[in-house]
Amino acid sequence: MASPSKRREMDMMKLMMSDYKVDTINDDVHMFYVTFHGPTDSLYEGGVWKIKVELPDAYPYKSPSVGFVNKIYHPNVDESSGAVCLDVINQTWSPMFDLINVFESFLPQLLLYPNPSDPFNGEAASLLMRDRPAYDLKVKEYCKRYAKPEDIGAPEEISSDDDDDDSMSERGSDSDNDEIAGKADP
């Protein structure tokens, strides 16, 4: 088996070559963002989330940490931090899994089959158990309010401090005439 660092790089490359948009943070393969679309035929269909992924040094022997950056209403996702309570990721992770599994299986399954008996969001769990139509409505409301493509703009950590230099070099001269303005002193 490849070393953890090689495996991390290989899994990251597979994810980048898939249909997922991946934004690295300062070219670090330990922490990055992935654009995730809600599963088809679910309450979350049409929603777009930015998922923050952190890979521990011991990855793939230790599970990745996964969290929603923009808000989502779900019993197993902490509303304020976006942390995911996902047994497969947190407890039963195996080195046989990779990052593609997280985005093609684990997260879609989480959204399709919420577990209100193990909540990170007690209000969502309670609403799901006592009033499913109201829960469904609130999920759809959150999707419309917080999970639009414009809600997942580029992360702040990626922006560089070179913006001023770029804007200066792009300005150039307003004049087509390269003559010196005025006369030189004698």
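Higher on the page you've got the structure.
Here the residue index of a chain counts from 1 through its sequence in written order. Restriction of local features to residues with pLDDT of at least 70 applies here, the model being predicted, together with a cutoff of 80 or more for giving and counting side-chain atom pairs; totals for whole chains, interfaces and linings are based on all residues. As a rule here, side-chain values come from all non-hydrogen atoms in the structure, and water together with hydrogens is ignored.

**Q** Go over the pattern of salt bridges with me, naming the residues and quoting the values.
**A** The salt bridge definition used is simple: a Lys or Arg side-chain nitrogen within 4 Å of an Asp or Glu carboxyl oxygen. Per the counting criterion, the structure on display carries 6 salt bridges. Glu123 is the partner of Lys138 in a salt bridge, and the nearest nitrogen-oxygen pair spans 2.9 Å. On the criterion of sequence distance, the pair formed by Lys138 in helix 5 (residues 132-146) and Glu123 in helix 4 (residues 122-130) is long-range, its members being 15 residues apart. When its relative accessible area of 43% is taken as the criterion, Glu123 is described as partly exposed. Here Asp136 makes a salt bridge to Arg132, at a shortest N to O gap of 2.7 Å. For the purposes of this entry, the term helix denotes a DSSP run of H or I that reaches at least four residues, the term strand denotes a run of E that reaches at least two, and both are numbered from the N terminus. Throughout this description, buried means an accessible area under 20% of the type-specific maximum (1.4 Å probe, protein chains only), exposed means over 50%, and partly exposed covers the range between.

**Q** Explain unusual backbone geometry residue by residue, including any values.
**A** Most of the time, phi is negative for any residue but glycine, and the peptide bond is trans. Along the chain, Tyr59 connects to Pro60 via a cis peptide bond; the corresponding omega equals 15 degrees. Along the chain, Pro60 falls in the loop between strand 3 (48-54) and strand 4 (65-68). Although it is not a glycine, Asp41 sits at a positive phi angle of roughly 60 degrees. Mapping Asp41 onto the fold places it in the loop between strand 2 (28-37) and strand 3. Of the residues examined, Asp41 reaches a relative accessible area of 69% and is grouped as exposed.

**Q** Break down the sheet that holds strand 2 for me, citing the residues and quoting the values.
**A** One bridge is not enough; two strands pair if DSSP finds at least two bridges between them. Judged by pairing direction, the sheet is antiparallel, and its 4 strands sit side by side in the order 1-2-3-4 without closing on themselves. Pairing within the sheet leaves two strands with one partner each, and these edge strands are strand 1 (22-25) and strand 4. Recorded for the sheet is a direction-independent mean angle of 25 degrees between the axes of neighbouring strands. Two elements, strand 2 and strand 3, share 7 bridges in a ladder whose sense is antiparallel. By the bridge assignment, Val34 is partnered in strand 3 with Ile51. Note on definitions: a residue-residue contact is assigned when non-hydrogen atoms from the two residues lie within 4.5 Å. Angles shown run from 0 to 180 degrees and are taken between the N-to-C directions of axes, each axis being a line fitted to C-alpha atoms and, for helices, limited to the stretch in contact. Across the sheet, helix 1 (residues 4-17) touches strand 1 and strand 2, and the angle it forms with strand 2 is around 25 degrees.

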